[in-house]
Amino acid sequence: MRRVVIGTAAVSMALSLAACGKAGDDKKSDSSSSSSSGGSKTIGLLLPDSVTARYEKFDKPYFEAKVSSLCADCKVEYANAAGDSAKQAQQVSSMITKGVKVIVISSQDAAAIKSSVQAAVDKGIKVVAYDRLAQGPVSAFVSFDNVKVGELQGQALLDSLGSKATKKSKVVMINGDDADPNAAQFKEGAHKALDGKVDIAYEQSGLWKDTTAAQKVKAAITQLGAKNIAGVYSANDGMAGGIATTLKGAGISGIPLTGQDAELAGIQRIVAGTQSSTVYKAFKPEAEAAATIAVDLLQGKDIASLATSTQTSGSGDKVPSQLLTPVSVTKANIKDTVIADKLYTVADICTAEFAKACKAAGLQ
């Protein structure tokens with residue numbers, strides 16, 4: 001695992017000779033958080049929601065800091081869609097009006113944003129899809145290998161089941177929002193790992209919402225019976241939180257529960273034993289890769305050396321892409337991943353509520 005962490009750091013370092021910059025504030029806003037509008041060196045950053053902890057806590061400040069380090073007089077205009085695709089479309093229109101030259105967007109709805117992407121491109125604006133591949137004529141895409149993410153999730157569930165992983169073992173599968181193209185890839189990867197090895201007895205979309213996921217799992221328990229559920233696949237940590245609460249309420253414990261994003265709450269549940277795994281997608285190298293590509297596009301540079309693969313979007317567009325490698329996290333490698341990368345400190349994870357579990361896990 002140390003090699004994986006070192007590799008992650010190397011990706012981050014290779015993207016630029018500069019290693020630091022002044023991060024922007026972390027305030028949630030639909031307006032600019034780090035600049036005045038307009039200007040020939042303005043980059044727009046549009047993120048999809050404020051519920052998923054990573055976007056405003058990590059992606060935004062890392063992106064802003066990297067832009068600052070690469071281009072001292074570049075500006076970043078920021079807006080968050082708050083889970084509303086119509087609002088995000090309005091934000092793209094606002095960015096066009098403000099005269100930004102590049103828009104980096106993590107789409108709330110990849111299909112719905114297509115016309116907005118086209119409108120921006122028609123005005124000569126370069127669009128970079130971030131984390132989620134938006135439809136339309138985008139210039140580049142930065143994300144992780146999302147099929148691999150799903151495979152890691154599915155394999156982690158099987159590993160946790162151990163000898164209990166049989167074709168008769170009933171697994172509940174709660175996928176992400178169908179409007180997010182990543183969700184389909186996570187699902188594809190998970191099925192690659194799980195199909196033929198366990199019985200996926202109940203499968204629904206959780207819409208990336210803990211409340212929806214909780215409702216779906218409650219329905220699964222009613223349908224299958226609490227004693228008959230061997231494990232639960234959750235596509236991310238946010239939904240896993242709602243699922244874990246529902247399982248506890250139903251008297252179900254000790255079964256595998258997956259996740260994704262390495263959220264602090266997810267890591268704490270892993271320490272406590274109420275979640276078995278998550279997938280760590282290092283936010284810093286992803287944000288820095290997007291910032292590097294955005295600055296290069298703004299400056300008219302060739303991005304071929306950065307976008308070394310090609311992905312096809314839902315609209316059929318072939319998009320130059322940079323895909324990073326995700327890492328599975330369990331209780332056994334928390335130290336070697338999220339702590340080693342300084343995503344969290346031991347103190348962050350091991351609050352009073354989790355102190356005993358942390359000691360048992362060897363974190364204190």
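Residues numbered from 1 in each chain as written. Predicted model: local features only at pLDDT ≥ 70, side-chain atom pairs only at ≥ 80, totals over all residues. Heavy atoms only, no water.

**Student:** Tell me about the side chain of Thr-212, and name the residues and values.
**Tutor:** Residue placement: Thr-212 occurs in helix α7 (residues 210-224). Residue classification places Thr-212 among the buried residues on the basis of a relative accessible area of 12%. Here Thr-212 is in contact with Ser-205, Gly-206 and Leu-207, once residues within four sequence places are set aside. (Helix = DSSP H or I, 4+ residues; strand = E, 2+ residues; numbered from the N terminus. Buried < 20%, exposed > 50% of the residue type's maximum accessible area, 1.4 Å probe, protein only. Contact = heavy atoms within 4.5 Å.)

**Student:** Can you break down unusual backbone geometry residue by residue, with the values?
**Tutor:** The backbone of Asp-261 sits at a positive phi, close to 100°, despite the residue not being glycine. Its place among the elements puts Asp-261 in the loop between α8 (237-249) and α9 (264-272). A positive phi angle is found at Ala-262, which is not glycine, with a value near 50°. By relative accessible area, which is 0% here, Ala-262 ends up buried.

**Student:** Before we move on, can you summarise the sheet that holds strand β8 (residues 229-234) with the specific residues and values?
**Tutor:** What the three strands build is an open sheet, ordered β7-β6-β8; its pairing is parallel. With one partner strand each, in any of the chains shown, β7 (199-205) and β8 form the two edges of the open sheet. Geometrically, the sheet is characterised by an average inter-axis angle of 20° between neighbouring strands, direction not taken into account. Summarising the sheet, strand β6 (residues 170-175) and β8 pair through five bridges and their orientation is parallel. The residue of β8 that forms the bridge with Val-171 is Gly-231. Against the sheet, helix α5 (residues 146-161) engages β6 and β8, with an angle of about 155° to β8. Here α8 sits on the sheet in contact with β6 and β8, set at roughly 155° to β8. (Pairing = 2+ DSSP bridges. Axes fitted to C-alpha atoms, helices over the stretch in contact; angles between N-to-C directions.)

**Student:** Describe the environment of Ser-107, naming the residues involved and giving the relevant values.
**Tutor:** Relative to the helices and strands, Ser-107 resides in the loop between β3 (102-105) and α4 (114-122). When the C-alpha atoms of Ser-107 and Ala-134 are compared, they prove to be 6.0 Å apart, with 27 residues separating the residues in sequence. Each residue touching Ser-107, except ones within four places of it in the same chain, is listed here: Pro-48, Gln-88, Ile-113, Arg-132 and Ala-134.

**Student:** Pulling in residues and values, what's your account of the state of the cysteines?
**Tutor:** What the rule picks out here adds up to two disulfides. Cysteine pairing for the protein, with bonded cysteines counted in sequence order: 1-2, 3-4. (Disulfide = S-S within 2.5 Å.)

Everything listed here is a matter of geometry and, on its own, says nothing about what the molecule does.
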